[in-house]
Amino acid sequence: MFGFLTMACLMVGMAFAVIYLKEPRTLWLGSSFLAMVMTLGITLATFLITRGQVTPVLILAIIVGLLLFFLPTFIIIVFLSSGVTVIRREGLRLTNILAFGAGLMTIAYLTIWPWVGDMTQHNVMSILYAYISSLALYFIVLLNLYTLTTALNLIHFNIPQLDYLVVLGAGLNGDKVTPLLASRIDKAIQLYHRQPSVQLIMTGGQGDDELIAEGLAMANYALAKDLPSEAVIIEDRAVNTEENIAFSQQLMTKEKAKFAVVSNNYHVFRALLLAREQGLKCIGFGAKTKWYFAINAFIREFIGYLYLKRKFHLIVITIFTIGFTLLQALIIYINQYID
């Protein structure tokens, strides 16, 4: 048994390593990492039990159990507190209530929703309840995998020699960069000092409420930080992340250029996915963001991911719906046959 688990652990670990090295911009990265951790834990527990060392396994099991027990409470507190902070500091807008809404939905899912299930009988309503619960579980698992994959894509053990850093734009305050956008530029400047041959592409067009193009304002900020003018390239047409990457790639004059995107932590993975959709190979670096803003923004990014991959997830949901319906029909038929 232990030998089988060891082999399984090695195989899953190899799968994770291959995905991480070849193409980490996929949820398979998070899935394989989670599978590796689980098989490693089971293998270690089996090894200790077979050696008669049950106490460490029990202690670890208690710790994991307590973490899982208090995790929903922790998530609710974080969502609600960050949501209130965002609304108080940024204003009451639809994009600012996502974290607070997620906190309320978590409370409802853990308390009100089971009560609804208890009220249903063995009829259409109970089937509908089971179906919606299954879909909710699907999106919860998906969110966790998205979160894990995002974190793994921000880890770089060996940074390759890069030709360009594509610094993604964000909103301006008149003709000045906001603190959020400044953090992205500062991160790029930090990377530039590690590789002085790299060029920074400041990308972003001019919005309706902006005095100048974001790319130009970003360049001005970088030059004021004593960055050499020859290290800065301005892209001033893009209006979204997809165009940021596409238009920046058009400005890369070096053959087979190696580049990385620079944004805030919560935004990097979706930017990498958009680059992959365009057939571009790149890595990403994330700038730190205030925690209360990052959580709300991360939920927005996850919704953006769902929209980006909507065809795939619609196919999955459709297949699940058909299978669920056939299974329920079979159960009803068997129950009627038994009766």
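Below or above, wherever it landed, is the structure these notes cover. Computed from a predicted model, the values in this text were never measured in an experiment.

### Focus: the packing of aromatic side chains
Part 1 of the argument: Scanning the entire structure with this criterion turns up 14 aromatic pairs.
Part 2 of the argument: Between the aromatic rings of Tyr266 and Phe293, the centroid separation amounts to 6.1 Å while the plane-to-plane angle is 65°, which identifies the pairing as edge-to-face. Here Tyr266 is found in helix α9 (residues 265-277), whereas its partner Phe293 is found in helix α10 (residues 291-308), with 27 residues between them in sequence. Residue Tyr266 shares its accessibility class with Phe293, and that shared class is buried.
Part 3 of the argument: Through a chain of ring-to-ring contacts, the aromatic side chains of Tyr146, Phe269, Phe298, Phe302 and Tyr305 assemble into a single cluster.
Part 4 of the argument: Sitting over the face of the ring of Phe247, Arg237 holds its NZ or CZ atom 4.0 Å from the ring centroid.
Part 5 of the argument: Directly above the ring of Tyr164 sits Lys254, whose terminal nitrogen or CZ lies 5.7 Å from the centroid.

### Comments concerning the packing of helix α5 (residues 124-153) against α9
Part 1 of the argument: Contact geometry for α5 and α9: axes closest at 9 Å, N-to-C directions at 95°. Of the possible angle classes, the one that applies to α5 and α9 is roughly perpendicular. Across from Tyr146, Thr149, Thr150 and Asn153 in α5, the residues of α9 making contact are Asn265, Phe269, Arg270 and Leu272.
Part 2 of the argument: Residues belonging to the contact of α5 with α9 are distributed by class as follows: 3 nonpolar, 4 polar and 1 charged.

### Side note on the packing of helix α3 (residues 54-90) against α10
Part 1 of the argument: The contact between α3 and α10 brings their axes to 8 Å, and the two run at 100°. The pairing of α3 with α10 is recorded here as roughly perpendicular in orientation. Between α3, through Val78, Phe79, Ser81, Ser82, Thr85, Val86, Arg89 and Glu90, and α10, the contact on the second element is made entirely by Trp291, Tyr292, Phe293, Ile295, Asn296 and Ile299.

### Concerning the sheet that holds strand β7 (residues 282-287)
Part 1 of the argument: Strand order in the open sheet formed by 5 strands is β5-β4-β1-β6-β7, and the pairing between neighbours is parallel. Of all strands in the sheet, those bounded by a partner on one side alone are β5 (232-235) and β7. Strand after strand, the sheet turns through a mean of 25° between neighbouring axes, direction not considered.
Part 2 of the argument: Bridge count for strand β4 (residues 199-203) against β5 is 4 bridges, and the pairing is parallel. Across the sheet, Ile201 pairs through a bridge with Ile233, a residue of β5.

### Overview of the side chain of Ser183
Part 1 of the argument: With respect to the helices, strands and loops of the structure, Ser183 is situated in helix α6 (residues 179-194).
Part 2 of the argument: Residue classification places Ser183 among the buried positions, given a relative accessible area of 17%.
Part 3 of the argument: Within the local environment of Ser183, its side chain forms a polar contact with the side chain of Asn264, the two groups lying 3.1 Å apart.
Part 4 of the argument: Excluding residues that lie within four positions of it along the chain, Ser183 makes contacts with Asn264, Ala287 and Lys288.

### A few points about the pattern of salt bridges
Part 1 of the argument: Tallied over the entire structure, the rule returns 5 salt bridges.
Part 2 of the argument: Glu23 is the partner of Arg25 in a salt bridge, and the nearest nitrogen-oxygen pair spans 2.9 Å.
Part 3 of the argument: For Glu23, the salt bridge goes to Arg276, with nearest N and O atoms at 3.9 Å. Remark: Arg276 occurs in helix α9 and Glu23 occurs in the loop between α1 (2-22) and α2 (27-50); sequence separation between them is 253 residues.
Part 4 of the argument: Connected through shared salt-bridge partners, Glu23, Arg25 and Arg276 make up one network.

### What about the nonpolar core?
Part 1 of the argument: Core analysis: the largest hydrophobic core is formed by 27 residues, its most contacted members being Leu165, Val177, Ile185, Leu200, Met202 and Leu227.
Part 2 of the argument: Every element with two or more residues in this core is listed here: β1 (164-168), α6, β4, α7 (214-224) and β6 (259-264).
Part 3 of the argument: If you tally residues by element for this core, the top one is α6, at 7 residues.
Part 4 of the argument: Setting aside residues up to four positions removed in sequence, Leu227 forms contacts with Ile189, Tyr192, Leu200, Ala222 and Val232.
Part 5 of the argument: Counting 16 residues, the second-largest nonpolar core is a separate cluster that includes Leu168, Ile245, Ala271 and Leu274.

Thresholds, definitions, all that
Residues numbered from 1 in each chain as written. Predicted model: local features only at pLDDT ≥ 70, side-chain atom pairs only at ≥ 80, totals over all residues. Heavy atoms only, no water. Phe/Tyr/Trp six-rings, centres within 6.5 Å; stacked < 30°, edge-to-face > 60°. Helix = DSSP H or I, 4+ residues; strand = E, 2+ residues; numbered from the N terminus. Buried < 20%, exposed > 50% of the residue type's maximum accessible area, 1.4 Å probe, protein only. Lys NZ or Arg CZ within 6 Å of the ring centre and 35° of its normal. Axes fitted to C-alpha atoms, helices over the stretch in contact; angles between N-to-C directions. Parallel < 35°, antiparallel > 145°, perpendicular 65-115°, else oblique. Contact = heavy atoms within 4.5 Å. Nonpolar A, V, L, I, M, F, W, Y, C, P; charged D, E, K, R; others polar. Pairing = 2+ DSSP bridges. Polar contact = N/O pair within 3.5 Å; in protein donor to acceptor, adjacent residues only side chain to side chain. Salt bridge = Lys/Arg side-chain N within 4 Å of Asp/Glu carboxyl O. Core = buried A, V, L, I, M, F, W, Y, C linked by side-chain atoms within 4.5 Å.

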